[in-house]
2 protein chains.
Amino acid sequence: MNNYDKYLSPIGRQLQESAIRRMGTVVARGTDLVSFAPGYPDAALFPWDDLREIAASLLTGADGNTLQYGPTRGYQPLLETLVEVLRARDIRATIDEVIITSGSQQGIDLAARVLVSPGDVVLVELPTFTGGIAALKNAQAELVGVKQQPDGLDLDDLDEVWQRQRRAGKTVKLLYIIPNFQNPTGSLLSLEKRRRLLEWADRRDVLIVEDDPYGSLYFDDVATPAETRPLRADDVNGRVLYLSTFSKTLAPGFRVGWMVAPAALVERFDTAKQSTDLTSGILDQRIVHEAVRRGVVDRLAPTLRALYRHKREVMERALRESLIDRLTWASPKGGFFVWATLPTGQTDTELLERALDHGLVFVIGSAFFVDGSGHDTIRLSFSAPSPDRIVEGVNRLAAAIAAAPVGRTS
Amino acid sequence: MNNYDKYLSPIGRQLQESAIRRMGTVVARGTDLVSFAPGYPDAALFPWDDLREIAASLLTGADGNTLQYGPTRGYQPLLETLVEVLRARDIRATIDEVIITSGSQQGIDLAARVLVSPGDVVLVELPTFTGGIAALKNAQAELVGVKQQPDGLDLDDLDEVWQRQRRAGKTVKLLYIIPNFQNPTGSLLSLEKRRRLLEWADRRDVLIVEDDPYGSLYFDDVATPAETRPLRADDVNGRVLYLSTFSKTLAPGFRVGWMVAPAALVERFDTAKQSTDLTSGILDQRIVHEAVRRGVVDRLAPTLRALYRHKREVMERALRESLIDRLTWASPKGGFFVWATLPTGQTDTELLERALDHGLVFVIGSAFFVDGSGHDTIRLSFSAPSPDRIVEGVNRLAAAIAAAPVGRTS
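What comes next concerns the included structure.

With 84 residues of chain B at the interface, the matching set in chain A holds 84 residues. Between chain B and chain A lies a buried interface of about 7,000 Å² when both sides are counted; carbon and sulfur atoms form 59% of it. In this assembly, chain B and chain A are joined by four salt bridges. Across the salt bridge formed by A:K6 and B:D205, the nearest N and O atoms sit 2.5 Å from each other. Put simply, the parts of the chain that give the side of chain B that touches chain A at least two residues each are helix 1 (10–14), helix 3 (48–58), helix 5 (103–115), helix 6 (130–138), helix 9 (263–277) and helix 10 (282–293) of chain B. Here the side of chain B that touches chain A gets nine residues from one element, more than from any other, and that element is helix 9 of chain B. Here the side of chain B that touches chain A is composed, by residue class, of 38 nonpolar, 29 polar and 17 charged.

See the structure below:
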């Protein structure tokens, strides 16, 4: 039997692949490839010695529960620790408002499954994270894009889009947004807009899924921690579902993220998670808990901020040197990404093909747009490669751009 | 805002909770509780020294990918190792037919999401694993039960049920089955029935999800490895999706399971998994891989078989001593469970209440039935408690049964 199409569910037939994941596979195969593709943290900064010590201290056998099944909600001491972590972000949450997720990707997936009915409209930023797009589409949401400005979401466009959907008889249930160092644009939603967005959500009765993987990775030459204040910190009416993760601030291999939501919804997410994976990795949760408790995560944060700021500077300097007249981009204030617009006449897919020939991979911009646009954009991730490789990658990018067929470039 | 019901999707509204998980929470809270509830392996037999050594050897920082994001399909060397593990079970699978799942629970969930359209009929054993029931129901399957006999599924009833569903205009897409030491009954599907079941699936065009967590945990006084031969071993037409896990043979805290399926479906499961959790825990996969590679898992298996066989004997001896005239049960040939039928007039829910008063918890039998029946049954898991606690638990069970209101027992 070769054709299984007839057995597929509607979800199975329409499954949405993540362009970032696809590019990740390319990277895995490459030999001398420079990868600006996935938003991988720099593995050189994983606190190996601390983690090795912590793992050894946990795997003595003194507590059998270290490798046993655990509660779906999460390892209780980690949940308690997260309440403190959240308080440092000005989020007041009780323990029954927190659930551990297998990466924050699972938080998006649980929110989508529990909240989105097939055909419901979910509003997303133009552009936005492909993993968010995939999870929401796989819950059969209808994704509608809202424009972004340099200081984040365009609130006028947001309400216009909402009204248009309502006039068309649609239910607009959720807004999915990444306010801090957005993926892929790197933009930071202004504090003024955060305040107005919460008011809008109340007025229009829309829930907000706030995805915050990068908030603590601000660049201190251009941003302050106060500017990363989560929407959830000022959410008095229980409209915000807040997602975060240790993937960027400790290591992604542990798959430890979390979600903060009204207790009544956390109950539902817990039940949905039961049938999804029973529980997130137990050893992983205990290692992460111990790393937070021992201060490893807090001590690491300034180093991470300095390193990624430096890499951003290396990438921008190289871009200015070799591509200032071809590419435009906004300098990111934090996070992992430079979001660039191509010379007139060049497209992201054609450029990617040429870039692969030159030994470079990135993510095409159009993958982040739910409206079919964005073919004049690309996402360059500077987080994983070394400074030397960043320079080398930008040189390859310049060569690939220069190699466009005559008459096709500006 | 207190009421979020209006925001819920159909899935969110009808979420099915796992009774086993609920009982797990009771256990977590209890003080002097004896737990026959969840199918937890015995943590005393986790190979702590090996695992501590392996974790330390992996967390040196020599390979940054140890804690990085990894391929959704799974850690390549582990996939290659699984092809060998499968060959030892007489399953010939190529590497593109295997995907790592976050516990075999995720395998059920992915199969359900990718294959089950809302309203599709999925056939399940009466009784069956509550985690399977929950995952399938949360994909909006209509679950229809098929009777079991001492040697497993009743194949006559299977075809009658199938015909009845077809006459009612229903699509019967899947059969979910646990052939080896079934959860909860402990029954072993006979080899003759395995052969006939595969023929039936071809004739009726039904896919089979074969869940095999317990296959290597046979009791060698009453069963042989040959009797645990997976359906997938003789599946020439690509009808069987085979699930297994290291949760019972190494440790569940790693959340490393896997699924074997036709390559075309594995592609779909991969895409679905991308938006679910991106990837299973990377360190976990590497630890498990190293434990298999070093022979830890193979060396452990005979010890596990001997221990669980011993615990089964302890439980059955205690049951014979104090409850032979009140309970009936079939002696399991492997796995973790004794499935018992209560004295006439007693019900699982009332008995559980009394048992909790006596410091004992188990899972009510009716939780495993999709047709509302089974209130005269209970599942007693002997895998986790020590022999002494098993005896103590059976004594408490006897006391709880004896404490039934006069006139209600046989």
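What follows is about the pattern of salt bridges. Any two side chains of opposite charge can pair, on the condition that their charged atoms come close. In the structure shown here, the tally under the stated rule is 64 salt bridges over all chains. Measuring nitrogen to oxygen at the nearest pair gives 2.8 Å for the salt bridge that ties B:R229 to B:D234. Salt bridges sharing common partners tie together A:D220, A:D221, A:R309, A:R312, A:E313 and A:E316.

Note on the copies: chain B fits chain A at an RMSD of 0.0 Å, the axial shift is 0.0 Å, and the rotation between them is 180°. Both copies of the chain, as the preceding transformation shows, are related through a two-fold rotation axis. Counting the interface residues of chain B, we find that 100% of their copies in chain A are interface residues as well, pointing to one common contact surface.

The next thing to look at is the packing of helix 12 (residues 348–357) of chain A against helix 13 (residues 387–402) of chain A. Helix packing for two helices is described by the angle between their axes and how far apart those axes are. Residues and elements named next belong to chain A. At a closest axis distance of 9 Å, the pairing of helix 12 and helix 13 adopts a crossing angle of 120°. In this view, helix 12 runs oblique relative to helix 13, as classed from their interaxial angle. The handedness of the crossing between helix 12 and helix 13 is right-handed. Residues L351, R354 and A355 of helix 12 form the contact with helix 13, whose participating residues are L397, A400 and I401.

If you look at the biggest cluster of nonpolar residues, it comprises 69 residues, and the most contacted ones within it are A:F254, A:W258, B:F254 and B:W258. Counting 48 residues, the second largest nonpolar core, distinct from the first, contains A:F36, A:L300, A:F336 and A:L342.

This paragraph deals with the pairing of strand 12 (residues 337–341) of chain B. Residues in a regular strand point their side chains to alternate faces of the sheet. Residue and element names in this part refer to chain B. In terms of burial, strand 12 is a largely internal element, four of the five residues being buried. Where strand 12 and strand 15 (residues 377–381) come together, five bridges link them in antiparallel fashion. Bridge assignment links T341 to a residue of strand 15, and that residue is T377.

About the cut-offs
- Counting restarts for each chain, with residues numbered from 1 along the sequence as it is written.
- Here the convention is simple: chains get letters from A, ligands get numbers from 1, in the order in which they are written.
- At least 70 in pLDDT is required for a residue's local features to be given in this predicted model, at least 80 for side-chain atom pairs to be given and counted, and no such filter applies to totals for whole chains, interfaces and linings, which use all residues.
- With hydrogens and water set aside, each side-chain value is computed from the structure's full complement of heavy atoms.
- Residue contacts are counted whenever heavy atoms from the two residues lie within 4.5 Å of one another.
- Buried area adds together the accessible area that both of two parts lose upon being put together, with accessible area traced by a 1.4 Å probe.
- Criterion for a salt bridge: a side-chain nitrogen of Lys or Arg within 4 Å of a carboxyl oxygen of Asp or Glu.
- Secondary structure elements follow DSSP: runs of H or I of four or more residues count as helices, runs of E of two or more count as strands, with numbering from the N terminus.
- Note on residue categories: nonpolar means Ala, Val, Leu, Ile, Met, Phe, Trp, Tyr, Cys or Pro, charged means Asp, Glu, Lys or Arg, and polar means any other residue, Gly included.
- What sets the superposition is a least-squares fit of C-alpha atoms, and only residues with pLDDT of at least 70 in both copies go into it.
- Fitting a line to C-alpha atoms yields each axis, with helices limited to the stretch in contact; the angle taken between N-to-C directions then spans 0 to 180 degrees.
- For classification purposes, angles smaller than 35 degrees are called roughly parallel, those larger than 145 roughly antiparallel, those between 65 and 115 roughly perpendicular, and all remaining angles oblique.
- Each crossing gets its hand from how the near helix is turned against the far one by less than a right angle, where anticlockwise is left-handed and clockwise is right-handed.
- Nonpolar core, defined: a set of buried Ala, Val, Leu, Ile, Met, Phe, Trp, Tyr and Cys residues in which side-chain atoms within 4.5 Å join the residues together.
- Burial classification: accessible surface area is computed with a 1.4 Å probe over protein chains only, and a residue below 20% of its type maximum counts as buried, one above 50% as exposed, and the rest as partly exposed.
- In this analysis, strands are considered paired if DSSP registers two or more bridges between them.

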